[in-house]
Amino acid sequence: MTASTRRHGTRQLQVELGARSYPIRIGNDLFADAAVWREVRDRPLRLLCDENVARDWLKPLVARLGIAPEHVRIVAPGEASKSMAQVSACLDWLLETHTPRDGALVALGGGVVGDLAGFVAAIYLRGIDFVQVPTTLLAQVDSSVGGKTGVNHARGKNLIGAFHQPRLVIADSDTLSTLPAREFRAGIAEVIKYGMLGDAEFFAWLEDNMARLLALDAQRITDVVERCCGMKAQIVAADERESGRRALLNLGHTFAHAIETHTDYARYLHGEAVAIGLYMAADLSQRLGWLAQQDLQRVQALIRAAELPTDVPEGMTPEDFLRHMAHDKKVAAGRIRFVLLRRLGEALVTAEVAPEQLDELLQAHCATHTA
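Here the structure is a predicted model, which means the values were calculated and not measured.

Participant: If you had to explain the side chain of S143 to someone new, which residues and values would you point to?
Facilitator: Position of S143 relative to the elements: it lies in helix α4 (residues 137-143). In contact with S143, other than residues within four places in its own chain, are G111, Q132, L138 and K232.

Participant: I'd love a proper account of the layout of surface pockets, names of residues and values included.
Facilitator: Counted as a void, the second largest pocket has a volume near 240 Å³. Forming the walls of the second largest pocket are 13 residues, and the residues nearest its centre are N28, S173, D174, A218 and T222. Examining the composition of the lining of the second largest pocket, we find that 4 residues originate from one element, helix α7 (residues 218-238), more than from any other. Taken together, the residues of the lining of the second largest pocket sort by class into 4 nonpolar, 7 polar and 2 charged.

Participant: Tell me about empty space enclosed by the protein, residues and numbers included.
Facilitator: Evaluation of the coordinates by the stated rule reveals 2 cavities of 30 Å³ or more. Around the largest cavity, the lining comprises 11 residues; the ones closest to its centre are G156, K157, H257, H324 and D328. Of all elements in the fold, only β9 (156-163) and α8 (253-262) reach the threshold of two or more residues within the lining of the largest cavity. Within the lining of the largest cavity, the residues separate by chemical class into 2 nonpolar, 5 polar and 4 charged. In this structure, the second largest cavity encloses a volume near 40 Å³. Taken together, N250, G252, H253, T254, F255, A281, F338, V339 and L340 form the lining of the second largest cavity.

Participant: Requested: an account of the environment of F119, with residues and values cited.
Facilitator: By secondary structure assignment, the location of F119 is in helix α3 (residues 111-123). Owing to a relative accessible area of 6%, F119 belongs among the buried residues under this scheme. For F119 and A162, which are 43 residues apart along the polypeptide, the C-alpha to C-alpha distance reads 6.3 Å.

Participant: Mind laying out the packing of α8 against helix α9 (residues 270-287), listing which residues take part and the relevant values?
Facilitator: For the pair α8 and α9, interaxial distance at closest approach is 7 Å and the crossing angle is 135 degrees. In terms of orientation, α8 and α9 fall into the oblique class. In this structure, α8 crosses over α9, and the sense of that crossing is right-handed. In this structure, α8 contributes H253, F255, A256, H257, I259 and E260 to the contact, and α9 contributes H270, A273, V274, I276, G277, M280, A281 and L284. Its residues placed into classes, the contact of α8 with α9 shows 9 nonpolar, 4 polar and 1 charged.

Participant: Before we move on, can you summarise α8 with the specific residues and values?
Facilitator: Within α8, 9 of the 10 residues are buried, which leaves the element mostly enclosed by the surrounding structure. Among the residues of α8, H253, T254, F255, A256, H257, A258, I259, E260 and T261 are the ones counted as buried. Immediately beyond the C-terminal end of α8, within one or two residues, lies D264, with a positive phi of roughly 55 degrees.

Participant: Please set out the packing of aromatic side chains residue by residue, giving values where relevant.
Facilitator: Counting across every chain of the model gives 5 aromatic pairs. Each ring, one from F31 and one from W57, has its centre 5.8 Å from the other, and the planes form 85 degrees; the classification is edge-to-face. In this pair, F31 is assigned in the loop between β3 (22-27) and β4 (45-50) and W57 in helix α1 (residues 51-65), connecting sequence segments 26 residues apart. Residue F31 is classed as buried on the basis of its relative accessible area, which comes to 6%. According to the relative accessible area criterion, W57 is buried, its value standing at 15%. Measuring from centroid to centroid gives 6.4 Å for F255 and F321, while their planes differ by 75 degrees, and the two rings are edge-to-face. Residue F255 is found in helix α8, and its partner F321 is found in helix α11 (residues 318-325); the two are separated by 66 residues along the sequence. Classification of F255 as buried rests on a relative accessible area of 2%. One aromatic cluster is present, formed by F31, W37 and W57 through successive ring pairs. For the cation-ring pair, K193 lies above Y194, with the distance from its terminal atom to the ring centre recorded as 4.9 Å.

The rules behind these values
Along each chain, residues carry numbers from 1 onward, in the same order as the chain's sequence is written. Selection of residues for local features in this predicted model requires a pLDDT of at least 70, selection of side-chain atom pairs for listing and counting requires 80 or more, and totals for whole chains, interfaces and linings are taken over all residues. As a rule here, side-chain values come from all non-hydrogen atoms in the structure, and water together with hydrogens is ignored. To qualify as a helix, a DSSP run of H or I must reach at least 4 residues; to qualify as a strand, a run of E must reach at least 2; elements of each kind are numbered from the N terminus. Throughout, a contact is declared for two residues whenever any of their heavy atoms are within 4.5 Å. Cavities and pockets were defined on a 1 Å grid built from protein atoms only: a cavity is a group of points that admits a 1.4 Å probe but offers it no way out, a pocket is an open group of points flanked by protein on both sides within 12 Å along at least five of seven lines, and a lining residue is one with an atom within 4 Å of any such point. Grid points are joined across faces, edges and corners, and a volume is the space filled by probe spheres set on the points. In this classification, Asp, Glu, Lys and Arg are treated as charged, Ala, Val, Leu, Ile, Met, Phe, Trp, Tyr, Cys and Pro as nonpolar, and every other residue, Gly included, as polar. Note on classification: 1.4 Å probe, protein chains only; a residue is buried when its accessible area is under 20% of the maximum for its type, exposed when over 50%, partly exposed between these limits. Interaxial angles span 0 to 180 degrees and are taken between N-to-C directions of axes, which are lines fitted to C-alpha atoms, for helices over the stretch in contact. The cut-offs work like this: below 35 degrees is roughly parallel, past 145 is roughly antiparallel, 65 to 115 is roughly perpendicular, and the gaps in between are oblique. Helix crossings get a hand from a simple test, with the near helix turned counterclockwise from the far one by less than a right angle marking a left-handed crossing and a clockwise turn marking a right-handed one. Stacked, edge-to-face and tilted are the three classes for Phe, Tyr and Trp ring pairs, Trp counted by its six-membered ring, which pair at centre distances within 6.5 Å; planes under 30 degrees apart are stacked, over 60 edge-to-face, the rest tilted. Criterion for a charge above a ring: Arg CZ or Lys NZ at most 6 Å from the ring centre, at most 35 degrees from the ring normal.

Listed below in structure tokens is the structure:
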């Protein structure tokens with residue numbers, strides 16, 4: 001990753017992947033700046049977004065990029081749109097509008113739209129370019145960077161997908177102004193994750209600045225997006241296909257995906273489930289004798305300061321967790337691989353969790369239904 005550069009207030013990071021390298025541009029009022037779109041200017045563009053985002057941000061972006069109405073597809077918001085049925089419908093649309101191989105698909109929205117559009121772009125004509133324009137905090141700090149694309153299956157989250165890097169990422173902080181407070185808080189969970197897994201100093205900074213972030217302090221939000229994107233860009237550049245270090249980015253997600261699957265993706269936003277998963281991963285780390293008790297308390301306190309949950313869904317049992325986790329992508333040779341913490345700011349991937357240790361954790365959390 002190159003160092004962050006700035007041009008007229010726009011911050012830029014580079015994900016270094018050889019021929020697949022691409023810039024991440026961060027700032028405000030980027031939709032109006034023709035220069036930030038230079039990689040896809042004068043190319044045949046199609047745009048995918050959801051109904052909520054379309055109300056606020058479709059018109060200015062379509063005007064800037066000169067996209068015709070028939071070249072825009074709007075899907076329902078939420079995880080239900082991450083389905084093979086929606087993939088098929090999107091492919092039909094691209095074919096009907098004669099989208100050429102040199103075309104590019106623009107994903108305007110949060111993680112759902114980005115994952116869906118990226119997967120469709122990966123398989124249409126064996127792969128066309130796509131552009132990530134994340135409009136949620138969660139997507140800006142995490143899911144828009146790194147090329148993970150895919151859809152859900154009844155047996156689990158993101159089980160169908162492909163690695164397909166974007167051509168360009170445009171994170172316009174203005175889009176966060178229309179984000180519901182609950183969605184913004186959900187994005188904070190992924191921000192906390194970065195501090196936990198690789199930057200103890202950043203974790204401490206979040207403890208000092210959480211109230212200002214929740215108050216939508218523009219400068220601090222931009223700083224957070226830049227810092228998280230910088231960390232992810234470094235990790236992706238070193239391990240694009242998640243054969244090693246990139247797996248650390250799944251901290252909390254094994255538990256979170258089980259919760260989302262169990263609740264049919266209907267009760268929790270992704271970041272809310274991740275918040276619970278982060279606390280469970282930290283607790284397991286403490287039970288294994290790695291994470292200090294006081295640091296577990298810090299993790300819980302920071303998650304709660306972000307007004308996020310730490311308790312598992314009422315009625316969910318240890319057996320429910322184990323059933324769903326058995327289908328997790330991180331299962332290898334029949335063993336669940338967990339991302340855990342040696343200490344705050346240092347994570348590791350391990351399958352060396354004894355069944356009785358996992359059972360003890362699950363029994364403890366499933367016995368506390370205060371959410």
